[in-house]
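# Secondary and tertiary structure notes
Single-letter residue listing:
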Amino acid sequence: MQAPRLVATDVDGTLLDPDDRVSRRAAAVIGRAVAAGVHFVLVTGRPPRWIPPVVDQLGVARIAVCANGSVLYDALEDRVLSSHTLDPATLAELAEAAAVALPGCGLAVERVGAGAFDDSAPFVAEPNYLHAWPDADNAVAVRSELLSRPAVKLLVRCPQLSSDAMVAALAPVVGDAADLTFSHPRGLVEISPHNVTKATGLAGVVHGHGLTAADVIAFGDMPNDLEMLRWAGHGVAMGNAHPALLDVADEVTASNGDDGLALVLERWF
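A brief look at the structure comes next. What you see is a predicted model, and the numbers here were worked out from it, not measured in a lab.

### Here we look at empty space enclosed by the protein
- Under the counting rule described, the total for this entry stands at two cavities of 30 Å³ or more.
- In this structure, the largest cavity encloses a volume near 50 Å³.
- Lining the largest cavity are Thr14, Leu15, Asp17, Ser23, Ala26, Ser255, Asn256, Asp259, Gly260, Leu261 and Ala262.
- Counting residues per element, the ones that place at least two in the lining of the largest cavity are α1 (11-15) and α10 (260-265).
- It is α10 that provides the largest number of residues to the lining of the largest cavity, a total of three residues.
- In this model, the second largest cavity occupies a volume close to 40 Å³.
- Taken together, Pro47, Pro48, Arg49, Arg111, Val112, Gly113, Gly115, Ala116, Asp118, Asp119 and Pro122 form the lining of the second largest cavity.
- Per-class residue counts for the lining of the second largest cavity are five nonpolar, two polar and four charged.

Next comes the structure, spelled out in structure tokens:
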């Protein structure tokens, strides 16, 4: 591959090291790429409110594709540029499908406002929802309230199962109603609007710059990165990646703990 004109990277398990930091080496090479005129885009399952701490470590990042492609966010202006949502009727259908396929599962929803912190309750979970991450920043509500407003993402939680097993159970009952994926291996499935993925979100940014997929190098580590790695001109799986990514990536680099992203970008910058 020739030097990319746009670098797209997942955040957790890819850009961030195991201590949730951007290494000095990664920050330096990304800075050199941006100084050379290369576009840089974060593409993540994270909601907008979890983007500023990452941007602060880089100093050059601005645009983030969030919620697995559902939200386009300008971190410098703290502005949601666009969003795709699951409407209440679709949320109700998906909740029923989850109840059939995974009895006893817990549900939560992600919502967005005009900025990262505009919605008074951006993350709302049922009382029985067991969080996959510490320091959860959610409100608690009954299921009917969860489903009453549009959401950019529905989360289904079954901590006793693997996320792979959950997707296998949900796929037959969800069908084409929405897109299923995950970024956490232990019992958490993320549901987005139909045909909304990291690839579709990234494609909008790329085309807005007058570029094509061939100009893009993309990095990822989990199944929510699959479509993005397939779409990009050069898709790179991290050494710590889920096995599914190894089958579609053009290249496998070192792990996020061994500066795998920097190792690749240093060929050009």
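Moving on from the coordinates now.
### Section: the pattern of salt bridges
- Per the counting criterion, the structure on display carries 13 salt bridges.
- The residue Arg62 makes a salt bridge to Glu77 at a minimum N-O spacing of 3.0 Å. Of the two residues, Arg62 is situated in the loop between α3 (52-58) and β3 (63-66) and Glu77 in the loop between β4 (71-74) and β5 (79-83); the sequence distance between them amounts to 15 residues.
- By relative accessible area, which is 34% here, Arg62 ends up partly exposed.
- Given a relative accessible area of 45%, Glu77 falls into the partly exposed group.

### Structural notes on the packing of aromatic side chains
- Evaluation of the coordinates by the stated rule reveals three aromatic pairs.
- When the ring of Trp50 is compared with that of Trp133, the centres are 6.2 Å apart and the planes differ by 80 degrees; the resulting orientation is edge-to-face. Highlighted residues: Trp50 in the loop between β2 (39-43) and α3 and Trp133 in the loop between β7 (123-125) and β8 (139-140), separated in sequence by 83 residues.
- Overall, the relative accessible area of 28% leaves Trp50 in the partly exposed class.

### Points about the pairing of strand β6 (residues 106-110)
- In terms of residue burial, β6 counts as a mostly covered element, since five of its five residues are buried.
- Here β6 shows a buried face lined by Gly106, Ala108 and Glu110 and a second buried face lined by Leu107 and Val109.
- Two elements, β6 and strand β9 (residues 153-157), share five bridges in a ladder whose sense is antiparallel. Opposite Ala108, over in β9, you have Leu155 as the bridge partner.
- When β6 meets β7, the two strands line up antiparallel, connected through three bridges. Bridge pairing in β7 places Ala108 opposite Ala125.

### Observations concerning the packing of helix α4 (residues 88-101) against helix α6 (residues 163-174)
- Axis separation between α4 and α6 bottoms out at 9 Å; the angle between their running directions is 130 degrees. When the axis of α4 is compared with that of α6, the two are oblique. Judged by the sense of rotation from one axis to the other, the crossing of α4 with α6 is right-handed. Contact residues: Leu94, Ala97, Ala98 and Ala101 in α4; Ala169, Leu170, Val173 and Val174 in α6.

### Re the layout of surface pockets
- The computed volume of the largest pocket comes to approximately 810 Å³.
- In terms of lining, the largest pocket is formed by 34 residues, of which the most central are Asp12, Arg46, Trp50, Trp133 and His184.
- Among the secondary structure elements, those contributing two or more residues to the lining of the largest pocket are α1, β9 and β11 (188-193).
- Split by residue class, the lining of the largest pocket holds 14 nonpolar, eight polar and 12 charged.

### Side note on the sheet that holds strand β1 (residues 6-9)
- Taken in spatial order, the eight strands make up an open sheet running β5-β4-β3-β2-β1-β12-β13-β14, and their pairing is mixed. On the outer flanks of this sheet lie β5 and β14 (251-252), each paired with one strand and no other.

About the criteria used
Residues numbered from 1 in each chain as written. Predicted model: local features only at pLDDT ≥ 70, side-chain atom pairs only at ≥ 80, totals over all residues. Heavy atoms only, no water. 1 Å grid on protein atoms, 1.4 Å probe; cavity = no way out; pocket = protein on both sides within 12 Å on 5 of 7 lines; lining within 4 Å. Points joined across faces, edges and corners; volume = space filled by probe spheres on them. Helix = DSSP H or I, 4+ residues; strand = E, 2+ residues; numbered from the N terminus. Nonpolar A, V, L, I, M, F, W, Y, C, P; charged D, E, K, R; others polar. Salt bridge = Lys/Arg side-chain N within 4 Å of Asp/Glu carboxyl O. Buried < 20%, exposed > 50% of the residue type's maximum accessible area, 1.4 Å probe, protein only. Phe/Tyr/Trp six-rings, centres within 6.5 Å; stacked < 30°, edge-to-face > 60°. Pairing = 2+ DSSP bridges. Axes fitted to C-alpha atoms, helices over the stretch in contact; angles between N-to-C directions. Parallel < 35°, antiparallel > 145°, perpendicular 65-115°, else oblique. Left-handed = near helix turned anticlockwise from the far one by under 90°. Contact = heavy atoms within 4.5 Å.

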